[in-house]
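Chain by chain, the residues:
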Amino acid sequence: MTDEQKDRIRGVFYGQAIGDALGLGTEFMDKQRIAVCYPEGLRDYEQIVQDAHRSRWRKGDWTDDTDQFMCVCDSILTAKKADELAFAERLFDWFEDSPMGIGHTVYKVLTMPQFRQFPHKAADVVWKMSGRKSAANGAIMRSSILGVFEFWDTAKVIDNTERIARVTHWDLRCVGSSVILTKLISSLIHHSSIPNSDAITELGERYDSRIKPFVELALSEDIEALQLDDPKTMGYTLKTMAAGLWAYFNASDFESGILKVIHEGGDADTNACVAGSLLGAKFGFQGIPERLVRGLLRRSELEEKIEGMLGLMG
């Protein structure tokens, strides 16, 4: 592994956590509310308003998005591979600790009988109970780590991502959007480049034809075309995927990209952790402003996982 690859890997970890922690500041807000709460814009953790929702976290802490990212990481470090049963065990242990936030889909799957023994079956049943319509962003929000692990082997990255996504999210839009994210991250680490938009669209269409329009939306220079603060569609996995792709294609640096996504509101912490992991892979850890690194809580925990992952792959 080269020093540049190590820097990009560290960038994925920090980009994920920073996007999550700073994105919490505008989570579930529309742009009008954001303008009232942050008339000068949101740039630092200390600015985050302490309303009933946000006061449950300390400023600079991440949410369940990165908690689950860390669960995936822990399961890989323990099993020495990406294993759906190992992840299901770790995720259930986290759930039993009464986390402050958890998505509806994840909650329903985790409370299914024998989830730990048959996680894929549980996810399939919950998806069918939704009328085969549920496609929330709870899988893509934690998937960036799977673009890091075994980044040199595209087939393994895709297989690992599919199996881990399906532990809770069975819909092919969830699986496909997660695979697009991890494929791009692995390509950035391995080759310092990503597939072009046509190749990304082709990859998405292997899973679901509904992915293509959101890839196309992400190519627009105007992020408002994504309507990330639309209350009816926030939390949709393809919206979150598009936010990450938009940041990658349009941002000239890590900070401007992540702040642009955050100021669109909606499911901002999830959109920003996906965008942040992609931007971290693109610009590397060295491209992340020091103040955003310094203000992040639980950095020692993050560093421990980074070193563990580098050691496992080394």
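Across its full length, the chain holds 16 helices and zero strands. Taking 2.2 N^0.38 as the reference for a compact globule, 314 residues should give roughly 20 Å; the C-alpha atoms of the chain span a radius of gyration of 18 Å, in line with that estimate. Counting only C-alpha atoms, the chain reaches 50 × 45 × 40 Å along its principal axes. Sequence separation of at least 24 residues holds for 75% of the intrachain contacts in the chain that already meet a minimum separation of 6. As presented, the chain carries roughly 12600 Å² of accessible surface, and 49% of it is formed by carbon and sulfur atoms. Of the charged side chains in the chain, 37 are positive and 47 negative; the average position of the first set lies 3 Å away from that of the second.

So, about the packing of aromatic side chains. Tallying each qualifying case throughout the model produces eight aromatic pairs. Ring geometry for Tyr248 and Phe249: centres 5.6 Å apart, planes at 80 degrees, overall edge-to-face. Residue class for Tyr248 comes out buried when judged on its relative accessible area of 11%. Here a set of aromatic residues connected by ring pairs shows up, and it is made of Phe92, Phe95, Tyr107 and Phe115. For Arg166, the ring lying beneath its charged end belongs to Trp170, and the centroid distance is 5.4 Å. Above the face of the Tyr248 ring, Lys282 is positioned so that its terminal group lies 4.4 Å from the ring centre.

This part is about the environment of Glu304. By secondary structure assignment, the location of Glu304 is in helix H16 (residues 299-313). Spatially, the C-alpha atoms of Glu304 and Ser134 are 35 Å apart, while their sequence positions differ by 170 residues.

For helix H4 (residues 84-96), spanning 13 residues, the distance from its first C-alpha to its last is 18 Å, which sits close to the expected 18 Å at 1.5 Å a residue. Every buried residue belonging to H4 is among Glu84, Phe87, Ala88, Leu91, Phe92, Trp94 and Phe95, and all of these are buried. In a view along the axis of H4, the buried residues occupy a sector of 155 degrees, so they form one face of it. Of the surrounding elements, those touching the buried residues of H4 are helix H3 (64-79), helix H5 (104-110), helix H6 (119-129) and helix H8 (154-165).

Together, Glu89, Asp93, Glu96 and Asp97 give the surface a local cluster of negative charge. Mapped onto the elements of the fold, Asp97 is located in the loop between H4 and H5.

Moving on, we get to the packing of H8 against helix H9 (residues 172-191). The interhelical angle for the contact between H8 and H9, taken along N-to-C directions, is 145 degrees, at an axis separation of 9 Å. The handedness of the crossing between H8 and H9 is right-handed. Counting all contacts with H8, which are made through Thr154, Val157, Ile158, Thr161, Glu162 and Ala165, the residues of H9 involved are Val175, Ser178, Val179, Thr182, Lys183 and Ser186.

Right, let's talk about the state of the cysteines for a bit. One covalent bond between the sulfur atoms of two cysteine residues makes up a disulfide. This model, assessed by the stated rule, comprises zero disulfides. In this structure Cys71 is not part of a disulfide, and its nearest cysteine sulfur, from Cys73, lies 10 Å away. Taking relative accessible area as the criterion, Cys71 reaches 1% and is therefore assigned buried. Classification of Cys73 by relative accessible area gives buried; the value is 0%.

Before going further, it helps to examine the pattern of salt bridges. Inspection of every chain in the model, using the stated rule, returns 21 salt bridges. Among the ionic pairs, Arg173 bridges to Asp171, the shortest N-O distance being 2.9 Å. The exposure classification of Arg173 matches that of Asp171, with both residues buried.

With that out of the way, let us pick up the side chain of His169. Structurally, His169 is set in the loop between H8 and H9. For His169, a relative accessible area of 3% gives the class buried. Only 3.5 Å separates the side chain of His169 from the backbone nitrogen of Gly138, close enough to count as a polar contact. Polar side-chain contacts of His169 include one of 2.7 Å to the side chain of Thr168. Discounting residues that sit within four places of it in the chain, His169 has contacts with Thr105, Val106, Ala123, Ala136, Gly138, Ala139, Cys174 and Val175.

This brings us to the nonpolar core. Counting residues in hydrophobic clusters, the biggest one holds 102 residues, and the most contacted among them are Phe13, Val148 and Met309. Broken down by element, the residue count for this core peaks at nine residues, all from H9. Other than its neighbours up to four places away in sequence, Val148 contacts Ile9, Val12, Phe13, Ile185, Ile189, Met309 and Met313.

For the rest of this paragraph, the subject is the packing of H9 against helix H10 (residues 197-205). Relative to each other, H9 and H10 sit at 140 degrees, their axes nearing to 9 Å. With respect to H10, the axis of H9 lies oblique. In this structure, the crossing between H9 and H10 has a hand that is right-handed. Together, Val179, Ile180, Lys183 and Leu184 of H9 and Ile200, Leu203 and Gly204 of H10 make up the contact between the two elements. Partitioned by chemical class, the residues of the contact of H9 with H10 number five nonpolar, one polar and one charged.

Conventions adopted
Residues numbered from 1 in each chain as written. Predicted model: local features only at pLDDT ≥ 70, side-chain atom pairs only at ≥ 80, totals over all residues. Heavy atoms only, no water. Helix = DSSP H or I, 4+ residues; strand = E, 2+ residues; numbered from the N terminus. Rg over C-alpha atoms; globule rule 2.2 N^0.38 Å. Contact = heavy atoms within 4.5 Å. Areas by Shrake-Rupley, 256 points an atom, 1.4 Å probe, with all protein chains shown as cover. Lys, Arg positive; Asp, Glu negative; His and termini not counted. Charge placed at Lys NZ, Arg CZ, Asp CG, Glu CD. Phe/Tyr/Trp six-rings, centres within 6.5 Å; stacked < 30°, edge-to-face > 60°. Buried < 20%, exposed > 50% of the residue type's maximum accessible area, 1.4 Å probe, protein only. Lys NZ or Arg CZ within 6 Å of the ring centre and 35° of its normal. Expected span 1.5 Å × (residues − 1). Arc of directions from axis to C-beta. Patch = residues over 30% accessible without salt bridge, like charges linked within 9 Å, V, L, I, M, F, W, Y side chains within 5 Å. Salt bridge = Lys/Arg side-chain N within 4 Å of Asp/Glu carboxyl O. Axes fitted to C-alpha atoms, helices over the stretch in contact; angles between N-to-C directions. Left-handed = near helix turned anticlockwise from the far one by under 90°. Disulfide = S-S within 2.5 Å. Polar contact = N/O pair within 3.5 Å; in protein donor to acceptor, adjacent residues only side chain to side chain. Core = buried A, V, L, I, M, F, W, Y, C linked by side-chain atoms within 4.5 Å. Parallel < 35°, antiparallel > 145°, perpendicular 65-115°, else oblique. Nonpolar A, V, L, I, M, F, W, Y, C, P; charged D, E, K, R; others polar.

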